[in-house]
Structure formats: C-alpha cells, structure tokens
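The chain contents come next:
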Amino acid sequence: MSPQTSSSLIPSYARLPVSFVRGEGARLWDDEGNEYLDALGGIAVCALGHAHPDITRAISDQAATLLHTSNLFGIEHQERLASRLCELSGMEAVFFCNSGAEANEAAIKLTRLYGHSRNIDNPRVITFNDSFHGRTMGTLSATGNPKVHAGFEPLVSGFVHVPYNNIDAVAALAEDPEIVAVMVEPILGEGGVVIPDDDFLPALRELCYQNEWLLIADEIQTGVGRTGHWYASTGMGVIPDVITSAKALGNGIPIGACLTRGVAAGLIQPGHHGSTFGGNPFATRVGLQVLETLQRDDLPQRAKSGGERLQLKLNQALHNRPEVVEIRGRGMMIGIELDTDCSTLVKAGLEQRVIFNVTAGNVLRLLPPYNLRDDEIDEIANRVTRSIESVCQATDATPA
Ligand SMILES: Cc1ncc(COP(=O)(O)O)c(C=O)c1O
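All values reported here derive from a predicted model rather than from experimental measurement.

Caption draft 1: Just helix H10 (residues 281-296), in detail. Taking 1.5 Å of rise per residue, the 16 residues of H10 would be expected to cover 22 Å, and the 22 Å separating its terminal C-alpha atoms lies within 8% of that figure. Burial runs high along H10: 12 of the 16 residues are buried. Within the span of H10, buried status applies to Pro281, Phe282, Ala283, Thr284, Val286, Gly287, Leu288, Gln289, Val290, Leu291, Thr293 and Leu294. If you follow the buried residues of H10, they end up packed against helix H2 (53-65), helix H3 (76-89) and helix H11 (299-318). Following H10 by one or two positions, Asp298 adopts a phi angle in the positive range, close to 55 degrees.

What follows is the structure, encoded as structure tokens:
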C-alpha cells in the first residue's frame, strides 16, 4: 500500500495508507493492483457500485451536452428530478444543493423562516444526542456530538439537544414557545447505526402535529433506497414536513436536496436562499439516472433482501464471538457493535481486502452498494469475520 501523505493538503482527514485508482461494481483496485470488496460505498454514496454503465453514459452524454448554466434560468432536468423525488417521497417542492450539510442548512434556514412567520423571534430546533448533521457552522451546531463542536465555539444558537429514542424528553419541551421544529435521523448513522423503537418516529410525528412543529428527517445517509424504502421515515409510516437527501442521490456526483411539503414548501421566496452549482443540468441529469436505474432494477427491494442476507451470514459467522455485542441494521446499512473501541479493525479489513469503517468508536459499519450479488454478500461476510477474528485473536494473544 502506498503512503498517503501530502504536505500540500490541510490534514483534515486521518487517511488510510491506500489509494484506489479504479472501480467496477462492488470492487476497487488500489495503485498496486490489489482488488478489494467495497462494503462502504464511499460512505453510503455508491448505491449502484462503481463505474455503473447507466451512470457513466448519463455523465458522458450530459458532459457533451451542457454542464452548467445557472439558477437564473430554467433547468429541465432539475424540474424533472424534483418531480420524481416528490413522487417517491410524498413531498411537494425541492431545493437543490451540493451536499448533505447544505441540504440540512437549507432545512435549518426553513425553521427560522417558519418561526418568524409565527412571530417567534428566536426559533429553536430540537435535535438529538449522538446525531450527525454536517460540518457547516449551522449543521455542526445542530449535531449532538461535543467532539464535532470542539474548537468551533461559539456555536450557532437555536438548538436543543435531547437523548435519541426518548419521546418523553421531546414531549417535555412542548411548553417551550420558542421550539418550532424537530430534526431527526430515522436511524443514527455516524452515531453507530442506532435503530429507534418502532413507535419513536410516529410518536415524534404526532408531537410535531400537536405543537405545530416541523418534522425534519435527515435522510442523507438512510435515503434513496438504502434501508429498503425510498426514504426510511416513510418506510416507518411517517411523512415528515422536510426530508433532506444527498449521498446516494448522485452515486458519486455531488448533489443534495431539501424536500418539503405543506407549510414548509411555501417558506422560501426569491432572495432567501441559493447556490451557484445547486441543481445544475449535469448533477440533476445524473440524479435522474440514479433514480431510474434504482427503480428499474428494483434496487431498494434488493437493498432490503441483500441486507437481510448479509446480516444473516454475519450472525452465523460471529454469534460465538464474545466481543460482538450486536449486529443490527436495515437494508444495506449495517452495524456490528463490539464491546470495545475497534478503530484498528479498518486496517485489518484492508489486509483482508474488504472496505468498511468504524463509527462511534466501537461500531463496524457496512454501507455497501444495493446491487451486490449473493456471492459478493457472502464474501463480504467472510472477510469482515476474518478481520474481526484477526484483531480479536491478536488482542487475546497480547501478554497482560
Ligand atoms: C445523517 C447525515 N447528515 C448529514 C451528513 C453530512 O453530509 P455531507 O458530508 O454530504 O455534508 C451526513 C454525512 O455523513 C450524514 O450521515
């Protein structure tokens, strides 16, 4: 593996000593010709795998036709993608941007407009401990993780953090006249693939209706079919007022979307918000193709059945390992919780030629493409198992 240091980069990432130069389907090749199975998909981005021919064709056609104009003009693909997203999600109007954080930033700006429309001068939003909403000042302030805040104080005001999956903690704020919205991940992603109780999201929905709060589902990680539904919240029987989406929507082309309905759809007026690149002809053409291919090949359903198979294989292989606390997930979003910090596992995975990451310190996370074949699923399970065994056996052998 080649070293990955460059003195000309700001060292914002702790990079691994491997660099990929080519991909195809669920496979990646490094610059020394080694082949890996990709069970991370660029952190929930490459839902269709690498170099998918449909996406390659859409990219090259559109690059040869028109990349960018400006939101000063009509953009046909943007209109079409908005209408497809609305059909798939139950939402009514979409704002396009370039990333997950930007989609959430748009949602946060909506809550301010909403609050002011109700004559609330200092509107506040409930968010959850262990959540992750992005790295801009607004979204990091919304994030319920002190590590993400550290060094960036003063934070943006207007967020109240409460424990996840605790409806009483939310209900206790019902008397607060400044609260205008709740922002929630239907499943915590960076927080460790934490699945709330079945009644948590429906109960949140009800509380939001009762108190005239907007319900914002951050589906940057869970959205676009990953959990077996186009959006995890709607799969849980809930229609939010706002859904934010990014990652898999572009399969690697940067795109984000803030989907709205009802009162939330009418808040932003010309001059309130914008983005130079957001929703340009190129990104939205690719987004349209991603949705078309996912739908044509029934891939949200495949994410569900493939994810069930992957969990089953992992359970069969790992049920006897005392370090494994729990294997959990929905569709192609799976976490293996270990009883101790396991960041060294990622390197063990690279040695086994499988790519995953570790989040929340002790959760090995898998976010693979939805279109994995059964043999690839089984091989990922084998390699992940060998990675865990190699680290745990090495730990067992360490003298006290
Ligand atoms: C739930 C959630 N929200 C927001 C973000 C931020 O997205 P981006 O990195 O595209 O800004 C992420 C990224 O991991 C995420 O998982």
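Caption draft 2: A look at the pairing of strand S2 (residues 27-30). Side chains of S2 alternate between two faces, with Arg27 and Trp29 and Leu28 and Asp30 buried alike. Summarising the sheet, strand S1 (residues 20-24) and S2 pair through 4 bridges and their orientation is antiparallel. Note on S2: the bridge partner recorded for Glu24 is Arg27. Here S1 hands over to S2 after 2 residues, with Gly25 in that stretch at a positive phi of 60 degrees. Across 3 bridges, the pairing between S2 and strand S3 (residues 35-38) is antiparallel. Paired with Arg27 across the strands is Leu37, a residue of S3. Linking S2 back to S3 in an antiparallel pair, the connection comprises 4 residues, with Gly33 at a positive phi of about 90 degrees.

Caption draft 3: Representation of the site of the ligand within the structure. Around the ligand sit 13 residues in total, of which Gly100, Ala101, Asp218, Gln221 and Lys247 are the nearest. In the model, an oxygen atom of the ligand is placed 2.8 Å from a nitrogen or oxygen of the Ala101 main chain. Isolated, the ligand exposes 400 Å² of accessible area, and the fraction of that covered by the protein chains is 81%. Examining the composition of the shell around the ligand, we find that 3 residues originate from one element, helix H4 (residues 100-117), more than from any other. Considered class by class, the residues forming the shell around the ligand number 3 nonpolar, 6 polar and 4 charged.

Caption draft 4: Fine view of unusual backbone geometry. Of the consecutive residues Glu153 and Pro154, the connecting peptide bond is found in the cis state with omega at 5 degrees. Position of Pro154 relative to the elements: it lies in the loop between helix H6 (146-149) and strand S6 (159-162). Despite not being glycine, Asn251 has its phi angle at roughly 50 degrees, a positive value. As for its placement among the helices and strands, Asn251 is situated in the loop between strand S9 (242-245) and strand S10 (256-260). Overall, the relative accessible area of 10% leaves Asn251 in the buried class.

Cut-offs used in this document
Residues numbered from 1 in each chain as written. Predicted model: local features only at pLDDT ≥ 70, side-chain atom pairs only at ≥ 80, totals over all residues. Heavy atoms only, no water. Helix = DSSP H or I, 4+ residues; strand = E, 2+ residues; numbered from the N terminus. Expected span 1.5 Å × (residues − 1). Buried < 20%, exposed > 50% of the residue type's maximum accessible area, 1.4 Å probe, protein only. Contact = heavy atoms within 4.5 Å. Pairing = 2+ DSSP bridges. Near = heavy atom within 4 Å. Polar contact = N/O pair within 3.5 Å; in protein donor to acceptor, adjacent residues only side chain to side chain. Areas by Shrake-Rupley, 256 points an atom, 1.4 Å probe, with all protein chains shown as cover. Nonpolar A, V, L, I, M, F, W, Y, C, P; charged D, E, K, R; others polar.

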